[in-house]
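Structure assessment
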Amino acid sequence: MIQRILARFRQRAHADAGTHRNLLLAGLICLIAFHFCANLWWLHVDNHAIRADEARHLLSARTHYEILRAPEKSLKERCVAMFGVADIYPPFTHIAGAVMMRFVGTDTDSVTLVMVLAHASIIVAVWFLARSLWAPTQAFVATVVVSLLPLYCAASRYFSTDYLESAFVIWALVALIRSAGFRKAGWSCLFALCAGLGMLSRQTALIQCFGPAAATFIWAIYREFTCKEDRRGFRIGRIFTTACVVVLLCVMIPALWYFPHYATMHGFWQRRFDKPANFYPEGLWLAHFLGLIQGGLFLPPFLLALAGFVMALRKIRHNWAYGVVVSYVVSFYVICTWGIHAYLARYLIAFSVICGMLVCVPIFSIKRQSVRRLCTAVLIIFQAFQYGNLTFGPYPFGS
């Protein structure tokens, strides 16, 4: 009798868990569909002037499209020709734009669909990142909060190399966490693939992927040295082997473009280093913080992110996913500030997404459930207000 009652409770618990999981999956799909439709609507009603870098990238995508549609050449010859186009930027974003021109249309909105799809993929990547940190419900809330960030949303409506690079960088972080410190070869190779494609989208993907990867490798080796189990030497050797394969792939994939265009790449980095001392009047060490306050997060979430960063430091010991997040933030800031001496607002796309996840750390750490739910609701309302103001505010009547 008692066993039957317990069996019924277990069946009901499993059914409730399955229902909850399906509801979260439906919510994630609805969230992606909402942002996808909102971006399509924005592209339809907006008529901004195309200039500067966006115009340059669109023209480059057109050049690749002309090569792609050349009927007298084979597909292999066309691919080689597209990678041989002389440009300061790697070609992957422009090739993606050319493919979109081939199958969707040659207008600006059709080309920018590449960024809209990248935006949707980042939402999925954020969900996987959040699941590495929190329970499913909290992960979904964090995904909603991040999906409403101003810079992350606004940048998806312009054709640029930075946005596709950011998508690959965030997916690389997902794979890095799932690799369990380079123990799992499949996820490790996926990290190398995403990092390599990110570097084929824009050169700066290197400075975003290097820090977390190096920190994860050091953590993995340290964990094995402090472990008292047998066959420690074998596991360390396997980690070294996997890491070598990752480095090799990270070199080989972008080498398709970087080696033939070494002089161009060198000139790109040279301009990043050669800046006058007063190039950033407010001080370079403050530039990234001000960028987050002015457009990446805005002030209240920025303060929450600072608190979340401090709290995440204490959680690294129990969950290395926090270590990947923290090492990314620290390495990106240090390399940009004291390494390449560079700041651009568009460099902050992936950085703002990761900081957006740190916004949720202090909220989810509140013990009292009613207070936690209230703070979560206030945060989502704040994010939704500024998202609506930036997206729908300029076009109240769809005109």
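Refer to the preceding data block for the structure.
Turning next to helix H10 (residues 205-225). Look at H10: 31 Å from first C-alpha to last across 21 residues, which is about the 30 Å you get at 1.5 Å a residue. Taken together, the buried positions of H10 are Ala205, Ile207, Gln208, Cys209, Gly211, Pro212, Ala213, Thr216, Ala220, Ile221 and Glu224.

Roughly 540 Å³ of internal volume is contained in the largest pocket. Residue lining of the largest pocket: 24 residues in total, with Met199, Leu206, Phe210, Val247 and Cys250 positioned closest to the centre. Elements represented by at least two residues in the lining of the largest pocket include exactly helix H9 (185-201), H10, helix H11 (232-258) and helix H12 (262-273). Per element, the largest residue contribution to the lining of the largest pocket is 9 residues, and it comes from H11. Partitioned by chemical class, the residues of the lining of the largest pocket number 23 nonpolar, 1 polar and no charged. Approximately 470 Å³ is the volume attributed to the second largest pocket. Lining the second largest pocket are 17 residues, and of these Asp53, Glu54, Tyr158, Ser160 and Arg346 sit closest to its centre.

Overall, the coordinates contain 1 cavity of 30 Å³ or more when judged by the stated rule. Lining the largest cavity are Pro150, Cys153, Ala154, Arg157, Tyr387, Leu390 and Thr391. Counting residues per element, the ones that place at least two in the lining of the largest cavity are helix H7 (150-154) and helix H17 (369-391). Here the lining of the largest cavity is built from residues that sort into 5 nonpolar, 1 polar and 1 charged.

Turning next to the side chain of Ser156. In this structure, Ser156 sits in the loop between H7 and helix H8 (161-178). A polar contact of 3.4 Å, which involves the side chain of Ser156, links it to the side chain of Asn39.

In this section: the packing of H8 against helix H16 (residues 348-364). Each pair of packed helices can be summarised by the angle the axes make with each other and by the distance between the axes. Where H8 contacts H16, the axes come no closer than 8 Å and their chain directions differ by 40 degrees. Taken as axis vectors, H8 and H16 run oblique relative to one another. Facing Asp162, Tyr163, Ser166, Val169, Ile170 and Leu173 of H8, the residues of H16 in contact are Ile349, Ala350, Val353 and Ile354. For the contact of H8 with H16, a count of residues per class yields 8 nonpolar, 1 polar and 1 charged.

With that settled, consider unusual backbone geometry. Despite not being glycine, Ala52 shows a phi value in the positive range, around 55 degrees. Within the secondary structure layout, Ala52 lies in helix H2 (residues 52-68). Classification of Ala52 as exposed rests on a relative accessible area of 62%. Despite not being glycine, Ala180 shows a phi value in the positive range, around 55 degrees. Relative to the assigned elements, Ala180 resides in the loop between H8 and H9.

Turning our attention to the environment of Ala312. Mapping Ala312 onto the fold places it in helix H14 (residues 299-315). Residues Ala312 and Gly323, 11 residues apart in the sequence, show an inter-C-alpha distance of 7.9 Å. Beyond its immediate sequence surroundings of up to four residues, Ala312 is in contact with Tyr322, Val326 and Leu358.

Time to look at the packing of H9 against H11. Packing of H9 against H11 brings their axes to within 8 Å, and their N-to-C directions diverge by 25 degrees. Classified by the interaxial angle, the pair formed by H9 and H11 is roughly parallel. In this structure, H9 meets H11 at a crossing whose hand is right-handed. Along its contact with H9, which presents Ala185, Ser188, Cys189, Phe191, Ala192, Leu193, Ala195, Gly196, Leu197, Met199 and Leu200, the element H11 presents Thr242, Val245, Val246, Leu249, Cys250, Ile253, Pro254, Trp257 and Tyr258.

All right, on to the environment of Ile354 then. Within the secondary structure, Ile354 sits in helix H16. In sequence terms Ile354 and Val246 are 108 residues apart; their C-alpha atoms lie 23 Å from each other. Beyond its immediate chain neighbours, meaning those up to four positions away, Ile354 contacts Leu129, Leu173, Val325, Tyr328 and Val329.

Right, let's talk about the pattern of salt bridges for a bit. Following the criterion strictly, the structure yields 8 salt bridges and no others. Here Arg202 ties to Asp162 by a salt bridge, and the two come within 3.0 Å at their closest N and O atoms. With a gap of 40 residues between them, Arg202 in the loop between H9 and H10 and Asp162 in helix H8 connect regions that are remote in the sequence. One salt bridge in this structure joins Glu224 and Arg235, with 2.8 Å as the shortest N-O distance. Here Glu224, found in helix H10, pairs with Arg235, found in helix H11; they are 11 residues apart in sequence, far enough to count as distant. Per residue, the accessibility class of Glu224 equals that of Arg235, and both read buried. One network of salt bridges, with partners in common, ties together Asp53, Asp162, Arg202 and Arg346.

Scanning the model with the defined rule gives 17 aromatic pairs in all. With a centroid separation of 5.6 Å and an interplanar angle of 70 degrees, the aromatic rings of Phe92 and Phe168 are classed as edge-to-face. Placement of the pair is Phe92 in helix H4 (residues 92-103) and Phe168 in helix H8, with a sequence separation of 76 residues. Ring pairing ties together the aromatic residues Phe34, Trp41, Tyr387 and Phe392, which thus form one cluster. Over the ring of Phe103 we find Arg102; its NZ or CZ atom is 5.5 Å from the centre of that ring. Directly above the ring of Trp187 sits Arg178, whose terminal nitrogen or CZ lies 5.7 Å from the centroid.

Rules used throughout
- Residues numbered from 1 in each chain as written.
- Predicted model: local features only at pLDDT ≥ 70, side-chain atom pairs only at ≥ 80, totals over all residues.
- Heavy atoms only, no water.
- Helix = DSSP H or I, 4+ residues; strand = E, 2+ residues; numbered from the N terminus.
- Expected span 1.5 Å × (residues − 1).
- Buried < 20%, exposed > 50% of the residue type's maximum accessible area, 1.4 Å probe, protein only.
- 1 Å grid on protein atoms, 1.4 Å probe; cavity = no way out; pocket = protein on both sides within 12 Å on 5 of 7 lines; lining within 4 Å.
- Points joined across faces, edges and corners; volume = space filled by probe spheres on them.
- Nonpolar A, V, L, I, M, F, W, Y, C, P; charged D, E, K, R; others polar.
- Polar contact = N/O pair within 3.5 Å; in protein donor to acceptor, adjacent residues only side chain to side chain.
- Axes fitted to C-alpha atoms, helices over the stretch in contact; angles between N-to-C directions.
- Parallel < 35°, antiparallel > 145°, perpendicular 65-115°, else oblique.
- Contact = heavy atoms within 4.5 Å.
- Left-handed = near helix turned anticlockwise from the far one by under 90°.
- Salt bridge = Lys/Arg side-chain N within 4 Å of Asp/Glu carboxyl O.
- Phe/Tyr/Trp six-rings, centres within 6.5 Å; stacked < 30°, edge-to-face > 60°.
- Lys NZ or Arg CZ within 6 Å of the ring centre and 35° of its normal.

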